[in-house]
Amino acid sequence: MPLDQNHANTGVDDRTDVQVFHSACPHDCPSTCALEVERLDPQTIGRVRGASANTYTSGVICAKVARYAERVHHPDRLTKPLRRVGAKGVGREAFEEISWDEALDTVADRLKQAAAEHGPETVWPFYYAGTMGLVQRDGINRLRYAMGYSRQHSTFCSTLSDAGWFAGTGSKTGVDAREMADSDLIVIWGCNPVSTQVNVMTHATRARKNRGATIVVVDPYVTETAKQADIHLMPNPGTDGALACAVMHVLFRDGHADRNYLAKYTAGHAEIEQHLKTRTPEWAEEITGIPVAEIEAFAALYGKTQRSYLRLGFGFTRSRNGAVQMFSASCLPAVTGAWQYPGGGALYSQAGIYGIDQTIIKGEDVMDTSTRLLDQSRIGPILTGDPRDLGDGPPVTALFIQNTNPMNVAPDLGKVREGFARDDLFVCVHEQFLTETAEMADIVLPATTFLEHDDMYVAGGHTHLQVTRAVIEPVGEARSNHWVLCELAKRLGAEHPGFAMSEWELMDDALARSGYGDAQSIWEGHWEDRAQSFEEAHFLNGFGHADGKFHFMPDWSAIGGNYAGMPELPDHFTIIDDRNDDHPFRLVTAPSRNYLNTSFTETKTSQVREGRPEAQIHPEVCTDLGLEEGDLVRIGSPQGSVVVHVRPTEGVRRGTVIVESVWPNRAFVEGIGINLLVSAEAGMPNGGAVFHDTAVWLRKA
Ligand code: SF4
């Protein structure tokens, strides 16, 4: 729809006389904030604010997005299609501008040529969460399925956490975050919402102010969120399952288990009670590093507080044992029966409430499940020909990439870099900026931001579906993902009705299939709140499994094929890359506050606020290693080593090192980033990147 028709859901700010448009944050963050965007003219935005009428966003957004004008109007935005005429990886000077037709023709020819030589599975369309819009993010799959290209197992983020949550509850839903207002105890476990999901803090601190709720944070270092907590439990990375078990040991031991609830709503409660007898706080102290007294105190508080709310994040699941960690933590409210009370229970994600049928958007009606499935977290091994991934299939000789930057964000960066450097690999990247992945491409296509295209969004952190329209015209010659896919489909002969539909028609189709109203109505109302009833959200009508019970003994085989040896009950699953004599520290690559994955690494304000990559190391360890503030330290794993500056801090355990991320490679002293150290090994039982599961050594550089 032309922008001049884009009126119905806008208003004018009386104070400034500026037109304000509704939108939604597209970034990879569970908050999916409802936004109000000032449009200064058809090409220019002004300030961005959180929508105060949205009861989750509540007028609050993070600083990154509040200053979005800096990003959307950045002088480094890609505005023209580019062809690489110089070496890979050197930057803008290696490219020349070309027309859209020339660029698209080249891409189509190269994909055809690759498929003719090796078969269609040699082409790997690759994407992730650069935008979370359902049309612009997921449409790439329609081209994939229509052409028989290799499929993608999307494992960068939520595979492990999904597996662990689903194991117990059987449903990717939970208690509405707004219900924190009714909570007396809020446990923020494995996430740092001050930096990564600010709205959690809005609701948690309201509960503290209004009813004196206690806020507990479980995190392996003193994050900005931990600084605001009443209690901070600091486990060794990868040991949250042990903490959860010890807490449940105390709950059973001290009479805090709700036996009526257990009998009615859970399966395996006799087995878990027996099993937990040996999972004492003393046992857990050895593993987690958390003193017995702290475990006992937290368990007593949790056990005595009916209205206890767990906000479970992703961080503690990015580990080989991540699914078991999430599962173990998710057992707590099933033991006390906290699910029964207002403000009680847990939330991991609400993604399961929406039920959006994306058949046409994704082209699932033409998907051939016999086509090979490649694990995106193993892009390094895949591009370097690892037979564990490729088997008898062809090598990947063509990549078409939207919405992700694997040269920074993928594990095992050394292999990723080696793979992208191959002369026989054709790469097309459709991006907003010349990322380090785009620098390795043969053809680069300029992409719109969420303010320049139409889309719709569901959220993990809340319950609103949002439909948005472009607020401004595309910057330069930037084009939406959908437009590019349709143009490529024409040239490739890809047949699917979705390629003849507009973004808006795709939304209408998906919404109609899913029992919603049309996109226009939702857009005019800004959002549709799909909150479940109290009974549904609290699983009082039954959990998601066929028997309606919470499962203390999960069927891991139903979740993924790599389940052999997984614990039958919640536990400390010891498959992590644990400390050893050669690698006496554990590395956590937690998200930084001013970057979001690698988005915002291009904005000056974020760069200035972040400074430089730094290793947070305990001062006594620094003394032992002869390191002082600002010195360079080399951090090594079996995959290689990186050099960063040292920040001595009391806020980590002696055996833990924190390097907040994701910085561009070039921000590091030796030009290679922290994910070099991270293994591409897949978590159990269904894959998942293990970003926070790395044993490392430290040496003065
Ligand atoms: S808090 Fe998350 S969803 Fe909200 S504006 Fe910031 S990045 Fe976007």
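Residues numbered from 1 in each chain as written. Predicted model: local features only at pLDDT ≥ 70, side-chain atom pairs only at ≥ 80, totals over all residues.

**Re the overall build of the protein chain**
The condition that has to hold: Secondary structure elements follow DSSP: runs of H or I no shorter than four residues count as helices, runs of E no shorter than two count as strands, and numbering proceeds from the N terminus. Every radius of gyration here is taken over C-alpha atoms, with the globule rule written as 2.2 Å times N^0.38, N being the number of residues. A residue is called partly exposed when the number of other C-beta atoms within 10 Å of its own lies between 12 and 20, exposed at 12 or fewer, and buried at 20 or more, with C-beta atoms placed from the backbone. The contact rule is simple: place each C-beta atom from the backbone, and if two of them lie within 7 Å, those residues are in contact.
Helices and strands together make up the secondary structure of the protein chain, namely 27 helices and 28 strands. Relative to the compact-globule value of 27 Å for 701 residues, the protein chain shows a C-alpha radius of gyration of 25 Å, a close match. With the C-alpha coordinates of the protein chain rotated into their principal frame, the extents come out at 70 × 55 × 55 Å. Here the protein chain holds 701 residues, and 59% of them are scored as buried. Sequence-distant contacts, at least 24 apart, represent 76% of the contacts inside the protein chain between residues at least 6 apart.

**Some words on the sheet that holds strand β10 (residues 214–218)**
Formally: By definition, two strands form a pair when at least two bridges between them are found by DSSP. Axis geometry follows a simple rule: fit a line to the C-alpha atoms, using only the stretch in contact for helices, then measure angles between N-to-C directions, giving values from 0 to 180 degrees.
Read from one edge of the open sheet, five strands run β11-β10-β9-β13-β14, paired in parallel fashion. The outermost strands of the open sheet, each flanked by one partner alone, are β11 (231–233) and β14 (345–347). Pairs of neighbouring strands in the sheet enclose a mean axial angle of 20°, with direction left out of account. Of the pairings in the sheet, the one linking strand β9 (residues 185–189) to β10 comprises five bridges and is parallel in character. Paired with Ile188 across the strands is Val217, a residue of β10. Against the sheet, helix α8 (residues 198–211) touches β9, β10 and β13 (308–312), its axis set at about 150° to β9.

**Things to note about the pairing of strand β2 (residues 18–24)**
Within β2, five of the seven residues are buried, which leaves it mostly tucked inside the rest of the structure. As consecutive antiparallel partners, strand β1 (residues 11–13) and β2 are separated by four residues, and within that stretch Asp17 has a phi angle of approximately 65°, a positive value. Bridging between β2 and strand β3 (residues 34–41) involves six bridges; their strand directions are antiparallel. Residue pairing across strands places Val20 opposite Glu38, the latter belonging to β3.

**Some details on the site of the ligand**
Let me state the cut-off plainly: As a rule, any residue with its backbone-derived C-beta atom within 6 Å of a molecule or strand is reported as near that molecule or strand. Throughout this entry, Asp, Glu, Lys and Arg are counted as charged residues, while Ala, Val, Leu, Ile, Met, Phe, Trp, Tyr, Cys and Pro are counted as nonpolar. The remaining residues, Gly among them, count as polar.
The local shell around the ligand holds 13 residues, among which Cys25, Cys29, Cys33, Cys62 and Val65 are the closest. Classifying every residue of the shell around the ligand gives eight nonpolar, four polar and one charged.

**Overview of the domain arrangement of the protein chain**
The cut-off we apply is this: Domain start and stop positions are those given by an automatic or database domain assignment.
Here the protein chain is described as being made up of domain 1 (175–348 + 545–558) and domain 2 (585–700). On a C-alpha basis, the centroid separation for the pair domain 1 and domain 2 is 27 Å. On the side of domain 2, 22 residues touch domain 1, which itself brings 19 residues to the contact. Secondary-structure elements contributing two or more residues to the side of domain 1 that touches domain 2 are α7 (193–196) and α15 (322–330).

**Regarding the packing of helix α10 (residues 240–253) against helix α14 (residues 292–304)**
Selection criterion: Oblique is the label for any angle not covered by the other classes, which are roughly parallel (under 35 degrees), roughly antiparallel (over 145) and roughly perpendicular (65 to 115). By convention, the crossing between two helices is left-handed when the near helix turns anticlockwise from the far helix through less than a right angle, and right-handed when the turn is clockwise.
Two elements in contact, α10 and α14, have axes separated by 9 Å at closest approach and are oriented at 60°. In terms of orientation, α10 and α14 fall into the oblique class. You can see that α10 and α14 cross each other, and the crossing is right-handed. Between α10, through Leu243, Ala246, Val247, Val250 and Leu251, and α14, the contact on the second element is made entirely by Ile295, Glu296, Phe298, Ala299, Ala300, Tyr302 and Gly303. Across the contact of α10 with α14, the residue classes break down as ten nonpolar, one polar and one charged.

**Section: the environment of Thr169**
Assignment of secondary structure puts Thr169 in helix α6 (residues 159–169). Sequence separation of Thr169 and Gly544 is 375 residues, and the distance between their C-alpha atoms is 5.9 Å. Apart from the residues lying within four places of it in its own chain, the contact partners of Thr169 are Ser330, Phe539, Phe543, Gly544 and Phe550.

**Describing the nonpolar core**
The test is simple: The nonpolar core is taken to be a set of buried Ala, Val, Leu, Ile, Met, Phe, Trp, Tyr and Cys residues joined by way of C-beta atoms within 7 Å.
In terms of nonpolar packing, the biggest core is built from 217 residues, with Ile186, Leu243, Val247, Met248, Val444, Ile635 and Val657 touching the most fellow members. Element by element, the count of residues in this core is highest for α10, at ten residues. There are two domains that each give this core at least three residues, and those are domain 1 (175–348 + 545–558) and domain 2 (585–700). Apart from the residues lying within four places of it in its own chain, the contact partners of Ile635 are Leu587, Ala615, Ser641, Val642, Val644, Val657, Leu677, Val696 and Leu698.

**Quick notes on the sheet that holds strand β18 (residues 443–446)**
Spatially, the six strands line up as an open sheet ordered β6-β5-β18-β17-β16-β7, and their pairing is mixed. This sheet does not close on itself; its edge strands, each paired only once, are β6 (95–97) and β7 (123–127). For this sheet the average axis-to-axis angle between neighbouring strands, irrespective of direction, equals 20°. Bridge count for strand β5 (residues 82–84) against β18 is two bridges, and the pairing is antiparallel. Paired with Arg83 across the two strands is Ile443, which belongs to β18.

**Topic: α10**
The following threshold applies: Expected helix span is given by 1.5 Å per residue-to-residue step, counting one fewer step than there are residues.
The terminal C-alpha atoms of α10, which comprises 14 residues, lie 20 Å apart, in line with the 20 Å expected from a rise of 1.5 Å per residue. Of the residues trailing α10, Gly255 is marked for its positive phi of about 80°.

**A word on α15**
The element α15 is extensively covered by neighbouring structure, given that nine of its nine residues are classed as buried. Burial in α15 covers these residues: Gly322, Ala323, Val324, Gln325, Met326, Phe327, Ser328, Ala329 and Ser330. On its buried face, α15 sits against α6, β9, α10, β13, α16 (332–336) and β14.

**Things to note about unusual backbone geometry**
Along the chain, Ser661 connects to Val662 via a cis peptide bond; the corresponding omega equals 10°. Its location among the elements puts Val662 in the loop between β27 (656–658) and β28 (694–700). The amide bond that connects Met684 to the next residue, Pro685, takes the cis arrangement and shows omega of 5°. The residue Pro685 is located in the loop between β27 and β28 in this model.

**Things to note about the pairing of strand β4 (residues 44–50)**
With five bridges joining them, β3 and β4 adopt antiparallel strand pairing. What sits directly across from Val37, in β4, is Val48. What sits between the antiparallel neighbours β3 and β4 is a turn of two residues.

**Side note on the environment of Val12**
Tracing the chain through its elements places Val12 in strand β1. The class for Val12 is exposed, based on 10 C-beta atoms found within 10 Å. A sequence separation of 508 residues divides Val12 from Gln520, and the C-alpha atoms of the two residues are 20 Å apart. Dropping the residues within four chain positions of it, Val12 is found in contact with Asp17, Val18, Gln19 and Val20.

**Observations concerning the packing of helix α5 (residues 140–147) against helix α22 (residues 481–492)**
The geometry of α5 relative to α22 is characterised by a closest axis approach of 9 Å and an angle of 15° between their N-to-C directions. Taken together, the axes of α5 and α22 lie roughly parallel to each other. Read as a crossing pair, α5 and α22 show a hand that is left-handed. Across the interface between the two elements, Ile140, Arg142, Leu143, Ala146 and Met147 from α5 touch Asn481, Leu485, Leu488, Ala489 and Leu492 from α22.

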